[in-house]
Each structure stands twice: as structure tokens, then as C-alpha cells.
Amino acid sequence: MALTRMLGLFAAILLLSTGIAFLGYHYLKLASEYRKNNFIHLSETQRAMDYLEEHPKLEKSEMEVLRAHVAAAQAQAIWCVANLSALETRAFHWLGVGSALDICKYDIRTSELLLARLNGLIESNDARHIVQTTPYLVFYFKRGLLRMREDSFAFQPFVDIIEGKLGLLVKISTLIASTGLGLLFSLVAAKLVRAWRSQSDQTIEMQRMAQRFSLAIQASSDGFALFNKERVLLTCNDRYRELSHPNPAFIRDGMTAIEIMNDAADKGFYQTNGLDTADFVSGHVLQMRSDHDDVQLEISDDRHVLVRFSQTEFGDQVITRTNITDAVRNARKQREYTRTLKKAKDAVERQSLTDPLTGLANRRQLDVALHAQMEIGPASLIRIDLDRFKQVNDVLGHDAGDHVLRIVAKLLTEHTREDDLPARVGGDEFVVLCAPGTQLQDATILASRLLHAIKHPVSYGKKRCIFGASFGIAIGDPSITAPSELLSNADAALYQAKADGRGKIVNFSNDMRKAAKQERALADRFMQALGDGEFVPYFQTQHDARTWKLSGVEVLARWEHPIDGVLSPVKFLGIAKQLGLEAELDTVIFEAAERAVAVLKTAGIILPRVAFNVSASRIIDPLFLQHLKLIPHEKRKGYVFERLESISYEDASQHLVMAIDTLKDMGFKVDVDDFGSGHASINSVLSIEPDSLKIDRRIISPLGKSERAGQMVSSIIELARSMNARVIAEGVDSEEKAIILREKGCDELQGYFFSQPMSAAALAQNMTTYNNRGAATAAQQ
Ligand code: C2E
Ligand code: CA
Ligand code: CA
């Protein structure tokens, strides 16, 4: 700010002093004019005076000469006054020389008077008359001329003054102006020099930059090219040439982008993806025009470049070409790897989600689908269990069994819609997860269609496989029922269908829900109950068929539940099996029964035989056999292990058969339980050479009313005799039955007619009665 103000002041002084100098010069010039005029005035006046001196007699012609001199002198005086502008007149006053002008005016006046006299004389004297000059007239002229000469003398100093004063002013202002101008000039000059210097520095720097730049682009591993607005190549590096043409030397500055590309494409440098050369090139050049995103090109030898365009503000285009071959090849490899991996994964996934035998979904897939469906809404499940499948397997062999399973899978696939999911979840167990939105009615219709279809006998070679199916249906709303609960609901319905006599369809009901709920509660408590000694052995007496005397006891498990009371095995055996705790349960009961028997013994009560129900899993448990080894040899014949007829011994593992053999070798007895229930081939049962056959209580129950039952009992007794086995009848609930069985030759009897299952304490209390008359005590119970 201060600088600009100073500069302003400086400029003003410069301007003013220049102005003053100019003005000064002007007045100096004027002053010299005055000096000249004054000199002319003086010399004319002097000449007139000299002429008058020389000619005392003035005739007309002399007077005319005199008049000419006076007029010339007057003209100078008039010039001096008339030539001044108002400003100059004022300047005269400012300079203190105003009275010089008054002198001029006075002089003009004097000369006017002289001229007037001369004119008068010249006009009155005609040429022929000589004017006789008087001494006064001469004196008058002389005096007038003298005045005029004095005026000239008086005027002269004023001119000197003016010149002196103006000269000083002009000197000062010229000095100021010239100094100022010099200063200004030197300033401007310095500035110019500086500008020039920086200009040249910049030029050098620019040259250096250009050098560096060209070095850099040459050294760059990327291709670099600069094209102008018309797409003419201005410069490029070797890498660019190499990545743009099969013959890099072909590319020279001044070529157009199209020329370069066309030639390269013609020589097969580019992978054009089926486009012809012209289309390919024009497409690429179009991309050059628009400020396009990066473009990827494939060039010869499976190489790949990434082309990048960018426009400068002058319309030039910078193009870089980066070799991305490695990255592209790696990405390709990665993709191939991912694809193979996915293929393998899909295959594994498929395998792990399908049942290899039937190709249906397996349990895992069913679980996934069920969970997925129940995340959105309700789901309907149909559980299917084949009836008599075991027989097919046992009698016709495994191949026939597999064939049947495949046929059933095919039927399930044929009769369900695409959105339904049929699955095989166990040996002969299937589930259909119905399509979302399926109502109970639709599910029931589907189940009956399936029931009908499955009922048809299937041929396997020359054999006919006859089987059926039972169905349990359940629908679950996810807000109330969890997927696992829905499965067990359908299971409960299926269980009911089987209990109702097979080949049935049962919908899950509220009662079943309650039962299922109760079962869950029992299952939750089972483990703890086992540890807490809630499972206890009950004893049911067995009697000699002829004398009705006590011949032994069967140990039957009971759960003394603190809330639900005494529970029978139907309530908890299934749970034990589900939890895999069957063997543990058997062990607990066995050990408790042994202790009870020992206590009875100390009270003098000897039990000739004690029969135990034993699950397959317990028989094959090595601990079980070890435990039995502790029992003295002579006592061992008093222990009986009852095996269910329904266990197929053919089917059973080598372990089980060996374990049974070992039991017998050790001196224990093995009975076949529930014989006649028709579950297994007689051959397979007999192969284990049992000590006794226990006739199934379902055969005994109609005895006396059904002739067929009587015949069956007779046949079983006959069979037992043929293999040297004893016969025990269970479920004997009346005297009539006891008598019939005795007559038919049965060896031992067991049932409510003699006693209900009871605790060890109850047994001890009533022992004498049982020993004597079973029926009487049975009534007391
Ligand atoms: P099971 O071995 O056939 O046992 C005989 C069943 O018939 C017993 O039922 C018994 O209470 C019942 N019973 C006895 N007399 C009569 C009668 O006159 N009429 C009728 N209708 N029934 C009679 P429980 O005690 O409910 O046992 C059921 C099944 O549970 C047994 O059938 C047996 O297979 C199994 N079981 C019982 N205790 C055990 C055990 O400790 N371990 C194993 N693994 N299974 C056991
Ligand atoms: Ca039994
Ligand atoms: Ca039985």
C-alpha cells in the first residue's frame, strides 16, 4: 500500500515537473521572441531618429520613410500585447513583470500619436508642395521617438527577469523530470532484466525437465505414448512400440494411431474376438476419443495389455500400455482352480446330501430343507416306515431288500411334486417334506396315494416281495414347533399307525403331542434318574405248570418316578434306546436285582431261577461278560437271559452270536422271548439252541376262545420238544388258561393269574403264599 502510494506520488511529481519544464521552455521561447521583437522595435525607432537627424527638412517622401519606421516599431509593440493569451498575461503578473505590458501599451499609444501626425501631414501636403518643417514638429517627433526608445530600454530588463526566472524553473523541473525518468527507466530496465533472466532460467529448467521426462518414459516398464488432437503420434517409448506392434521399429513419430493399429491388426497382433480388423480398430480408436475407462487387449503369444487413455487440456492424448500378462494368466489359473474346486465341492455336497442307494435326499438334506422351510412358514411332514421289510431282507436276501428300497424311492419320486422333498432317513424309513403351503388334507391324500402304490407286490427275479407301509403325518408352525419337534411329532404319529396294525395313516394329534411332550420330559430326566436309583427291579413269579409251585422269577424294570409314579418299560425303553442307554439300564436293573436276590437269600428265600431281559447292546458289552464271570459256576444255571424273538439272529452281528455262545458256554441259560410273534425265521432262532421258548402273551391271550391259538400253542410245544427245549407261557391271566396249558404239556406258567410284577419287598412278604397257591396270592395283589 505504502509502495503504491509512493509510486503514485512519484508519478505525480514526475508528471508535474515534466509539465513545468515544458511550460518553462514554451515561455523561454516566448521571451526570446520578445527580445527579438523588442530589438526590432528599438532598431526601427533608432533608424527613425537617425533619419530625422539626417533630414531636418521633411518633405512628403521623407515623412513616408519616417512613417514606415514608426509603423514597423509599433507593429512589434502590438505583437507583444496581442500575442499573449489570458493565461500568459496572468503568468506575466505572477512572474512580477506585468508592468512590461503596460510599457508596451504606452509605447503603442505614443507610436499611434506619431503616426496620426505623420498621416495628417502627408495627406495635407500634396506632392507638389514641400512641407516647411518647423523646429516644434522636429522636436515633437524627436520626443516621441525618444520615448519609444526609452520604452524599449525599459522593456529589455523585464525580458531578462523573465528569462532568468524561467531558466531556473526549467532547470529545476528538467532536473526533477530527468532524474525521475532516469529512475523510472532504470526500474523498468531492472524489471525487464529480471524477467528475461527468469525466462531463460525457466527455459533451461524446461529443457532439463523435458530431458528427465524423456529419460523417465524410456526407463518406464510401461508403454507410453503421446498423441495430438488429430491422433498423430508425437512421441513414445520403446516399450510402447513393443506392446503395440509385432515389429516395434515400424512405429515412428508422426504416424496416426489408426495407421499403427491397422498394420498391427493386419499382422495378427491382436486377438480381435471375431471382429474383422477394421471394426476392431475403429472400435478401439473410438475408445481413444472418449475419455474411456481402461481397456484390456490380448496381443500375440497370449500376452495381455491394459490400455489407459487420458486427455490433456490441449486435447493431446496420453496412452499407457501396461503388460498385465502375468496377472491375467494368474487370474485365469485361479479361476480354473476355483472351478475345479467347486466341481469337487459340488460332487461332495451332492454325495453328502443324497442317499447313495436310492438317490433320494438323505437326512442331512432333509434337515437343511426343513429348517429352511420353517424359517418362512409352516411345514408338513409325512413319515413312512415299511412294514414287513425285515422279512423281505431276511427271507429273500439283502439284494431283494435293496431292490425294494429303490422301488419305494422311485414311487416316492413319481407320486410327489417337484417342490416336495422325498428323503430316506434310515434302513426302511422315509420322509416326505411336502411343498411349502401343503395343508393336512393334501398331505393325507398324498399319503394314501403312496400307501396304495407301495402295497403292490414287487418282483425281484423270480421272487415276489410283499410289503406295505405305515404313515405318520405332522404339520408344524414354526412359531410353536421347532423342526426337530416336528420330526418327532411325525414319528409319534407313525408309531401310532404301527400300533394300530400297520398299513395305516395317522395324523399327529394333541394327545400324541401330550404323550410326546411327556416322553420328552422323561427323556430329559432319564440320565439323572439312572444315577439316582429311580430304576428298580420288579419281580414276576413263574410257576411249575403241574404243581403251580414257584419255579423262578422274571425281573422286569420299573421307573419309580417321583411325580408320575411307577412307570412300566413301554414308557421308558424307547427313550433308553434313543439315548443309547439301554445297556446301562440293563446293568442297573441286573445289579439291583442281584442285591435283592442276596437279601432274600439271607431271609431264607431261595429263588430257583432268575430271568433277565437283556438288550442286544448289553450282551455284546465286554463289561457285561466280565461281570458275569464273577458269578460262581454252580450258581450260573439259575440265571436266565431272555432274548426277544424279534431280533433276527441271522442279521445280528458276529459279536452278538459269539456273545450268546459264550454265555451258554459259561453255564448261563438263554431263552427266546415272545416266541410266535412271527418276527423272524424259526431257523434263525433255533440256531442259537435256546434253553426255553417263551410263548408270546399275544398268543396266550385268546386261548380258550380261539382254536387257532390252541393249535399254535400245541405246535410251539411240539417244536420245543423236538429241539429239547422247555416251554414257558407268559400272560397267563386265568385258571382256565393255566389248565389248558398244563394239558397241552407246557412246562412253566407266568401271568397275572399267579402274580403281578412286584417289588423285592412285596415278594419277600408274600413268598409263602406263592410257594403254595399262586392263584390265591394273585387275587390279593
Ligand atoms: P416281556 O419280557 O414279555 O415281559 C412280560 C410282560 O408281560 C411284562 O410287561 C409283564 O408285566 C406283562 N405281563 C405279565 N403277566 C401278564 C398277564 O397276565 N397279562 C398281560 N397282558 N401282561 C402280563 P412289562 O413289565 O411292562 O415289560 C414289558 C417289556 O419290557 C418286557 O416284555 C420286556 O421285553 C421289556 N423289559 C422289561 N424289563 C426289562 C429290562 O430290565 N431290560 C430290558 N432290556 N427289557 C425289559
Ligand atoms: Ca421277558
Ligand atoms: Ca415276553
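Up top you'll find the structure we're talking about.
Conventions and cut-offs
Residues numbered from 1 in each chain as written. Chains lettered and ligands numbered in written order. Predicted model: local features only at pLDDT ≥ 70, side-chain atom pairs only at ≥ 80, totals over all residues. Heavy atoms only, no water. Helix = DSSP H or I, 4+ residues; strand = E, 2+ residues; numbered from the N terminus. Rg over C-alpha atoms; globule rule 2.2 N^0.38 Å. Buried < 20%, exposed > 50% of the residue type's maximum accessible area, 1.4 Å probe, protein only. Contact = heavy atoms within 4.5 Å. Areas by Shrake-Rupley, 256 points an atom, 1.4 Å probe, with all protein chains shown as cover. Lys, Arg positive; Asp, Glu negative; His and termini not counted. Charge placed at Lys NZ, Arg CZ, Asp CG, Glu CD. Pairing = 2+ DSSP bridges. Axes fitted to C-alpha atoms, helices over the stretch in contact; angles between N-to-C directions. Donors = N, O, S within 2.8 Å, 3.2 Å for Na, K, Ca; no water.

Explain the overall build of the protein chain to me, using residue names and the numbers behind them.
Along its length, the protein chain carries 28 helices and 21 strands. Here the C-alpha atoms of the protein chain give a radius of gyration of 72 Å, more than 25% beyond the 28 Å that 2.2 N^0.38 yields for 781 residues. Put simply, the protein chain has 781 residues, and 42% of those count as buried. Long-range contacts, defined as pairs at least 24 residues apart, comprise 64% of the intrachain contacts of the protein chain with a sequence gap of at least 6. Of the roughly 42400 Å² that the protein chain leaves accessible, carbon and sulfur atoms contribute 57%. Computed over 92 positive and 98 negative side-chain charges, the separation of the two mean positions in the protein chain equals 2 Å.

With reference to specific residues and values, describe the sheet that holds strand β4 (residues 303-311).
A sheet is described by the order of its strands in space; here 5 strands give the open sequence β2-β1-β5-β4-β3, paired in antiparallel fashion. Looking along the sheet, the strands with just one partner apiece sit at the ends: β2 (233-236) and β3 (295-299). Recorded for the sheet is a direction-independent mean angle of 25° between the axes of neighbouring strands. The pairing of β3 with β4 spans 5 bridges and is classified as antiparallel.

Account for the coordination of the calcium ion (ligand 3), naming residues and giving values.
Around the calcium ion (ligand 3), the donor atoms from the protein are D673 (OD), D674 (OD), E730 (OE) and E730 (OE), and they sit 2.2 to 2.4 Å away. In the primary sequence, the donor residues of the calcium ion (ligand 3) line up as D-D-x55-E. Between the calcium ion (ligand 3) and the calcium ion (ligand 2), the interatomic distance is 4.1 Å, and D673 donates to each metal, bridging them. Taken together, the residues D674 in strand β18 (residues 669-675) and E730 in strand β20 (residues 726-730) connect sequence positions 56 residues apart.

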